[in-house]
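Chains, contacts and geometry: an overview
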Amino acid sequence: MNQPNYRIEVTGLTKRFGPVTAVDSLSFSVEPGVITGFLGPNGAGKTTTMRMILGLVTPTAGTATIGGKRYGELRRPSEIVGAVLDASAFHPNHSARDHLRIYRTMGGHPAGRVEELLDRLGLAHAAHRKTRTFSTGMKQRLSLATALLGDPQVLLLDEPSNGLDPEGIAWLRRFLRELADEGRTVLVSSHVLSEVQQIVDDIVMIRRGTLVAAGPLREMERFRPSTVLVRSPDAEALKKVLLRGTSDGVAAQSVETGHDGALRVQGLATAQIADLASAARLRVHELLTEDTSLEQLFFELTADSEGDAR
Ligand SMILES: Nc1ncnc2c1ncn2[C@@H]1O[C@H](COP(=O)(O)OP(=O)(O)OP(=O)(O)O)[C@@H](O)[C@H]1O
């Protein structure tokens, strides 16, 4: 069978709300079969982008397509795209089963879907309970069940890990993995990298509405400069030597002197530092590589966007 490729393609997407540019010439794609994390601090433009993909907000410029079509051009869109933008939007006096039945009927989905999804989402035991008694984790599950009623190939989830405890996050990870393994396109937004780091394969990172980085999470390693900590009684002389480097151009990109007098060197490996020190007859008492954590990298790459007026 020829299964269409439901890739999400965002091209030059821009949204201005009066003087505020929420999304600015943003381009990226999201592939089927993997989980993609859509990352950026609060206010970076994630929700606005997702709403444009879903046809809920009209772009000022650019396009967002799913399987090559804009949302508005999709036939029976709820069978192609499922979304959770607000995981608490339930009638408080409806039971989980009532809620799903209403949405199943509205969407014209098969009758068996409600029980099947209650089961799959681990909600069968709570199906009769009113949603106002639900925990955050149960609400997330019910939202996911609602989004999956049409058995969509594409899933867009806005901050699904918000408020989940570690067990809830582990459950979400397993569940989204199953969906991706079934060949679905899964886009998950978050403003906390550490919450989705264990969940996602690819990332799209934005800052102030523009793209910062995109690609497999493991390739983020190359954006992760390691710093070498150097302790030396000859620190000031060593700093000059490291910045000057070798005659064939191997030199430190930066050397900072910390409060403790230790040097923090970027752009040179420990062996290169040791060799340069030795050639200059300078003493080294300690050499230590410090890896930037991904969380720190995320913070650095997306810094200064929070609360900015744009
Ligand atoms: N309807 C609107 N009218 C005016 N400004 C808006 C509107 N919607 C969003 N914005 C602004 O656009 C920017 C991006 O907001 P958006 O909600 O898309 O960011 P986000 O990355 O999803 O952040 P959060 O994680 O806080 O939801 C913010 O400055 C926000 O105040």
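Note that this is a predicted model, so its numbers are computed, not measured.

1. Here we look at the pattern of salt bridges
Per the stated rule, a full pass over the model turns up 13 salt bridges. A salt bridge links Glu 31 to Arg 7; its shortest N-O distance comes to 2.9 Å. One end of the pair, Glu 31, is in the loop between strand S2 (20-30) and strand S3 (35-39); the other, Arg 7, is in the segment before strand S1 (8-17), and 24 residues separate them in sequence. Overall, the relative accessible area of 27% leaves Glu 31 in the partly exposed class. Judged by its relative accessible area of 29%, Arg 7 is partly exposed. Of the charged contacts in the structure, one is a salt bridge between Glu 178 and Arg 120, with a shortest N-O distance of 3.0 Å. Of this pair, Glu 178 sits in helix H5 (residues 166-181) while Arg 120 is found in helix H3 (residues 113-120), placing the two residues 58 residues apart along the sequence. When salt bridges that share partners are traced, they join Arg 120, Asp 151, Glu 178, Glu 182 and Arg 184 into one network.

2. Some words on helix H7 (residues 235-244)
Turning to H7, its buried residues number three or more, namely Ala 235, Leu 238, Val 241 and Leu 242. Buried residues in H7, looked at end-on, bunch into an arc of 120°, giving them a common side. With respect to the buried face of H7, the exposed residues turned more than 90 degrees away are Lys 240 and Arg 244. Those residues of H7 that are buried lie in contact with strand S10 (226-231), strand S11 (254-257), strand S12 (263-266) and helix H8 (270-279).

Reading the values: the criteria
- Residues numbered from 1 in each chain as written.
- Predicted model: local features only at pLDDT ≥ 70, side-chain atom pairs only at ≥ 80, totals over all residues.
- Heavy atoms only, no water.
- Salt bridge = Lys/Arg side-chain N within 4 Å of Asp/Glu carboxyl O.
- Helix = DSSP H or I, 4+ residues; strand = E, 2+ residues; numbered from the N terminus.
- Buried < 20%, exposed > 50% of the residue type's maximum accessible area, 1.4 Å probe, protein only.
- Arc of directions from axis to C-beta.
- Contact = heavy atoms within 4.5 Å.

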